[in-house]
Each structure stands twice: as structure tokens, then as C-alpha cells.
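# Breakdown of the fold
So you can see what is in the structure, the chains are spelled out below.
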Amino acid sequence: MATQPEAPSTSSSTHTASCTYDVFLSFRGKDTRYGFTGHLYSALEKKGIKTFMDNKLDRGEEISRSLLDTIERSKIAIVVFSENFAFSRWCLDELVKILQCKLKQQIVRVVFYKVQPCHVRSQTESFGEALADHEKRFKEHREKTESSASCQQKRSFDQAFGDPESTFRQNMDTLAKWRSSLTEAAGLSGCHYSTGYTSNNHN
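Just so we're clear, the structure is a prediction, and the values are computed from it rather than from any experiment.

### Description of the overall build of the chain
- Summing up its helical and strand segments, the chain has nine helices and six strands in all.
- Residues counted as buried form 41% of the 203 residues belonging to the chain.
- Across the chain, every contact between residues at least 6 apart in sequence was considered, and the portion connecting residues at least 24 apart equals 77%.
- When the accessible surface of the chain is totalled, it reaches about 11,900 Å², and 50% of it is carbon and sulfur.

What follows is the structure in C-alpha cells.
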């Protein structure tokens, strides 16, 4: 007796039905916008694959709600790791969101563009430098806030934005999420691109 093919899970079917884009591209603009990622976007679009590529050159510090929604509404996310990827808080926040969506059946693939997977996994080389820079900025912001305000100013600031120590703890929690997300993503299936050569193997 012939066996019947398995029906897709409810969660998978629901995610696919709610998608606006086939592919979401996450990348560091200064590294690959006009090179690898730009060519990838064009190739996907020519194949009729509806792809989202954020073309805003001037980004703020905080990732926008609309962009987070776009990640949620994409069937597949492709993360292009490059030398300056981790220097961008925006890119790191995208990565955290993408891995959250992976738990909801989103397919995630990674490309290592002229960087070694082990550097992403262990946060060494430029990835280590970037995270150390973020941590330094968080500490400097706390120290500056605590030392520059009078008691009255500090009370007013705390009421409006929360106390500096609480903000610092939140920032350090965010840093830990970035680290764990980089480690997790480095182990996903993907490609290693190095000076025109693409390999499907990475260790």
C-alpha cells in the first residue's frame, strides 16, 4: 500500500501563507551592497524570487519596527557575514530577530563573504574587535551619564530614561544575545565566498 506524503505542519503552513517576501537579505551595506549582495539581489529578482533588500544608506542606531515585521514576513533569510558586519548594531539586531523567526519555521542560510566561519563563531578578528567596541561604548555611556549630571539632573534623567545602571545591564544583555546569535548562525548551512570562489563547506 502506497504511503501518503506527510502534510506540512500547521506552524509551517501558517508562516508560508503570511509571507510577503520569498527572501530577506541581511548584510553590511558598506561591505557588499554594490558587490556581492547587490548581484545576489539582482539574480534572485531575475528568477522571479521576491526579495527584500534594504536600500536605506543612512540608518539610525535602532532597528525599525517595520524592518522587524519584514523579517517576520519572509520565507527565507540570507545573512551575509562580512568584515564589518558586527560593527553595525542594526545588523546584529537583524540577526537576533532572524534566529527568533527560525524557531517559527523560517529558513535561514548564511554566506561568509571573505571572512572565516570560525571568526564569526568565536567572535575573533573583526568580529571580536566589533563586540569589544560595542562593550566599550556601553561602559563609556554609563560612566558619562553618571558623572555629568547633578543629583537633580540625575533624578530627572532617571525618570525619563531609566537609571544608567539599569540601561547598562540591558545593553550587556543585548551584547550577550549578539554573541550567542553569531555563534549559532556560524553553525548553519551556507556558503563560504573568498575572492570569487564559493564553497558549500565551512568548518
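### A look at unusual backbone geometry
- Phi is positive for Gln123, close to 50 degrees, though the residue is something other than glycine.
- With respect to the element layout, Gln123 can be found in the loop between helix H6 (117-122) and helix H7 (125-148).

### Re the confidence of the model for the chain
- Per-residue confidence for the chain gives a mean pLDDT of 85; residues scoring 70 or more make up 77%.
- Here residues 1-8 scores under 50 on pLDDT; set against residues more than four positions off or in separate chains, the count is one contact.

### What to know about the pairing of strand E3 (residues 74-81)
- Taken across its eight residues, E3 has six buried, putting it largely inside the fold.
- Here five bridges tie strand E1 (residues 21-26) to E3, and the two strands are oriented parallel to one another. Along E3, the bridge assignment pairs Phe24 with Ala77.
- Where E3 meets strand E4 (residues 107-113), six bridges bridge the pair, whose relative direction is parallel.

### Examining the state of the cysteines
- By the definition in use, this model includes zero disulfides.
- In this structure Cys101 is not part of a disulfide, and its nearest cysteine sulfur, from Cys19, lies 9.3 Å away.

### Section: the pattern of salt bridges
- Scanning all chains against the criterion turns up seven salt bridges.
- We note a salt bridge from Glu72 to Lys97, for which the minimum N-O separation is 2.5 Å. Taken together, the residues span a long stretch of sequence, with Glu72 in helix H4 (residues 65-72) and Lys97 in helix H5 (residues 89-102) at a distance of 25 residues.
- Here Glu135 makes a salt bridge to Lys139, at a shortest N to O gap of 3.3 Å. Residue Glu135 and its partner Lys139 are both found in helix H7; the two are separated by four residues, about one turn of the helix.
- A relative accessible area of 35% means that Lys139 is categorised as partly exposed.
- Salt bridges linked by common partners bring Arg65, Asp69, Glu72 and Lys97 together as one network.

About the criteria used
Residues numbered from 1 in each chain as written. Predicted model: local features only at pLDDT ≥ 70, side-chain atom pairs only at ≥ 80, totals over all residues. Heavy atoms only, no water. Helix = DSSP H or I, 4+ residues; strand = E, 2+ residues; numbered from the N terminus. Buried < 20%, exposed > 50% of the residue type's maximum accessible area, 1.4 Å probe, protein only. Contact = heavy atoms within 4.5 Å. Areas by Shrake-Rupley, 256 points an atom, 1.4 Å probe, with all protein chains shown as cover. pLDDT = per-residue confidence, 0-100. Pairing = 2+ DSSP bridges. Disulfide = S-S within 2.5 Å. Salt bridge = Lys/Arg side-chain N within 4 Å of Asp/Glu carboxyl O.

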